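# Architecture at a glance
Here's the letter readout for the chains.
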Amino acid sequence: MIFAGAFLFGAVMGSFLNVCASRLPRGASLWRPGSACPACAHPIRWHDNVPLLSFLILRGRCRDCRAPIGWRYPAVELGTALLFALAYAQLGLRGELALALVFVSALMVVTVIDLEHQLIPDRITLPVIAAGFLGSAATGQLSWLDSLLGILVGGGIIYAIIQGSRLVMGVEGMGGGDITLAAMVGAFLGWKLLLLGLFLAVLVGAAVAMALLASGRKGGKDPIPFGPFLALGGAVSLFWGKEILQWYLKGFLG
Ligand SMILES: [Zn+2]
């Protein structure tokens, strides 16, 4: 029952994250006006705004003008629902669960905004860094020092990569938003799991970039945002990081 509740709560939260991802980059209010169809501007009825279900019932089209609804909306709702259910399955009803839900919600909305706009708003990352630092210490998930080190190491490594690539190649592979996003991941995970998350992000990011270049879907100068990979690495590290590190250390130390 609670498991289904976590899934439903995640779907509702995903619906809200869709609103955040559409409005925060424009600096628009999250609360007013209510949602409207971007094609015909007709306000969306409450019964057409039910997470996941409405998309299926409307078959992905606006009830008024039949314009297609972006697949991003149900994808974010389903993705957030699955992440919330996974977090509950792993953590149970504890303080750490609330912390994990805030973390994965922030990762989700940052991923969508970075994919659509190639930017990561400080309006999201900075307050969530503070929430991660205070929440980690309050729930005892991390010591305040570990969380602080995570913030500094995460932000510091991305800052060094940006400065280094600017000096060596004259290009900027990442943006300032990646600094605060890495700091945010560090605030929730501590410095060890942050490093694992960064490592996974670079690994998957490089593989995807090479595949996109090889298939001709991206040219050498097209930007590929790093934020989504950082978010993926952070989420994997949150859910399975301890096991991955244990397995890794066992493999080398016998
Ligand atoms: Zn419409």
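Quick caveat, the model's predicted, so the values are computed rather than measured. (Residues numbered from 1 in each chain as written. Predicted model: local features only at pLDDT ≥ 70, side-chain atom pairs only at ≥ 80, totals over all residues. Heavy atoms only, no water.)

Each assigned domain of the protein chain is listed with its residue range as follows: domain 1 (1-93) and domain 2 (94-254). Look at where the C-alpha atoms of domain 1 and domain 2 centre, and you get two points 24 Å apart. With 21 residues of domain 1 at the contact, the number on the domain 2 side is 17 residues. For the pairing of domain 1 and domain 2, the buried interface totals around 1,800 Å² over both sides, and the portion due to carbon and sulfur atoms is 74%. (Domains from an automatic or database assignment. Contact = heavy atoms within 4.5 Å. Buried area = accessible area lost by both parts, 1.4 Å probe.)

In this section: helix α1 (residues 2-23). Each α-helix winds once per 3.6 residues, and so residues spaced three or four apart point in a common direction. For α1, with 22 residues, the first-to-last C-alpha span of 31 Å sits near the 32 Å given by 1.5 Å per residue. By the burial criterion, the buried members of α1 are Ala6, Gly10, Ala11, Gly14, Ser15, Leu17, Asn18, Val19, Cys20, Ala21 and Arg23. Of the surrounding elements, those touching the buried residues of α1 are α3 (72-91) and α4 (95-117). (Helix = DSSP H or I, 4+ residues; strand = E, 2+ residues; numbered from the N terminus. Expected span 1.5 Å × (residues − 1). Buried < 20%, exposed > 50% of the residue type's maximum accessible area, 1.4 Å probe, protein only.)

This next bit is on the state of the cysteines. Summed over the entire model, instances satisfying the criterion amount to 0 disulfides. Not engaged in a disulfide, the cysteine Cys20 finds its nearest cysteine sulfur in Cys37; these two sulfurs lie 20 Å apart. Given a relative accessible area of 7%, Cys20 falls into the buried group. (Disulfide = S-S within 2.5 Å.)

The next point concerns the packing of aromatic side chains. Evaluated as defined, the whole model comprises 4 aromatic pairs. With 4.6 Å between their ring centres and 25° between their planes, Phe103 and Phe188 make a pair best called stacked. Separated by 85 residues along the polypeptide, Phe103 in helix α4 and Phe188 in helix α7 (residues 176-214) bring together distant segments of the chain. Phe103 gets classed as buried once you look at its relative accessible area, which sits at 1%. Pairing Phe239 with Trp240 gives two aromatic rings, centres 5.7 Å apart and planes at 55°, and the pair type is tilted. Taking relative accessible area as the criterion, Trp240 reaches 41% and is therefore assigned partly exposed. Taking the ring centre of Tyr73 as reference, the NZ or CZ of Arg72 above it sits at 4.7 Å. (Phe/Tyr/Trp six-rings, centres within 6.5 Å; stacked < 30°, edge-to-face > 60°. Lys NZ or Arg CZ within 6 Å of the ring centre and 35° of its normal.)

All right, on to the coordination of the zinc ion then. Bound to the zinc ion are the protein donor atoms Cys37 (SG), Cys40 (SG), Cys62 (SG) and Cys65 (SG), situated 2.3 Å from the metal. Mapped onto the sequence, the donors of the zinc ion take the spacing C-x2-C-x21-C-x2-C. Of the two residues, Cys37 sits in the loop between α1 and α2 (53-57) while Cys62 sits in the loop between α2 and α3, which places them 25 residues apart along the sequence. Here Cys37 falls in the buried class, since its relative accessible area comes to 9%. (Donors = N, O, S within 2.8 Å, 3.2 Å for Na, K, Ca; no water.)

Below, the discussion takes up the nonpolar core. If you look at soluble globular proteins, the nonpolar side chains tend to sit buried side by side. By size, the foremost hydrophobic cluster in this structure holds 41 residues, and its most contacted members are Leu107 and Met184. Of all the elements in the fold, those that place two or more residues in this core are α1, α4, α5 (122-139), α6 (144-169), α7 and α8 (227-253). When residues in this core are grouped by element, the largest group, 14 residues, is from α7. Listed in part, the 9 residues of the second largest apolar core include Ala6, Ala87, Tyr88 and Val104. (Core = buried A, V, L, I, M, F, W, Y, C linked by side-chain atoms within 4.5 Å.)

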